[in-house]
Amino acid sequence: MVVSFATDVRSLRRIALLVVRAREDWGPCCQELEDIALAIEHMKRDVALGSPHVAVDLRRIASLVRNLSCGATDRQSLQQSVMGELRDLVAQLTP
């Protein structure tokens, strides 16, 4: 997998913001969100250190987003739209 950060930085930032917002709204009920947040932090560290393993982090995030299935709450429609946007962004980054 080739990752071009010149074109994908906005999508990565949007994914990070959506995950932060979802974690605030849904709390600790969704382990996948916690794992995505950890993978994003790992990716940021790898980018800062110039590590060639960024694609591994992106594949991990893509896998976690595909499996994202937080329990239903009174904000189920909001959850579905956030999860849909996360999946769309990850699909753009991982053709």
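Trainee: Just checking my understanding: could you explain the overall build of the protein chain for this structure?
Mentor: Across its full length, the protein chain holds four helices and zero strands. For the protein chain, the α and β elements follow one another from N to C terminus as α-α-α-α. Within the protein chain, buried positions represent 40% of all 95 residues. Put simply, 60% of the contacts in the protein chain that link residues at least 6 apart link residues at least 24 apart. Of the roughly 5,800 Å² of accessible surface on the protein chain, 54% is carried by carbon and sulfur atoms.

Trainee: Just to check I follow, could you spell out the nonpolar core for this structure?
Mentor: Generally speaking, soluble globular proteins have nonpolar side chains that are buried together. Residues Ile 15, Val 19, Leu 33, Ile 36, Ile 61, Leu 68 and Leu 86 are the most contacted members of the largest nonpolar core, which totals 25 residues. Those elements that provide at least two residues to this core are helix H1 (5-26), helix H2 (31-49), helix H3 (54-66) and helix H4 (76-93). Ignoring any residue separated from it by four or fewer positions in sequence, one finds Leu 68 in contact with Cys 30, Glu 32, Leu 33, Ile 36, Met 83, Leu 86 and Arg 87.

Trainee: It is not clear to me how the side chain of Glu 32 should be interpreted in this structure. Could you clarify?
Mentor: With respect to the helices and strands, the residue Glu 32 is situated in helix H2. One buried charged side chain, Glu 32, makes no salt bridge at all; its nearest oppositely charged neighbour is Arg 87, positioned 7.9 Å away. Each residue touching Glu 32, except ones within four places of it in the same chain, is listed here: Leu 64, Asn 67, Leu 68 and Ser 69.

Trainee: Help me out: how do you make sense of the environment of Ser 11 in this one?
Mentor: Along the chain, Ser 11 turns up in helix H1. On the basis of relative accessibility, which here comes to 12%, the residue Ser 11 falls in the buried class. The spatial distance from the C-alpha of Ser 11 to the C-alpha of Val 90 is 7.9 Å, given a sequence separation of 79 residues. The contacts of Ser 11, once residues within four sequence positions are left out, are Leu 89, Gln 92 and Leu 93.

Rules used throughout
- Residues numbered from 1 in each chain as written.
- Predicted model: local features only at pLDDT ≥ 70, side-chain atom pairs only at ≥ 80, totals over all residues.
- Heavy atoms only, no water.
- Helix = DSSP H or I, 4+ residues; strand = E, 2+ residues; numbered from the N terminus.
- Buried < 20%, exposed > 50% of the residue type's maximum accessible area, 1.4 Å probe, protein only.
- Contact = heavy atoms within 4.5 Å.
- Areas by Shrake-Rupley, 256 points an atom, 1.4 Å probe, with all protein chains shown as cover.
- Core = buried A, V, L, I, M, F, W, Y, C linked by side-chain atoms within 4.5 Å.
- Lys, Arg positive; Asp, Glu negative; His and termini not counted.
- Salt bridge = Lys/Arg side-chain N within 4 Å of Asp/Glu carboxyl O.

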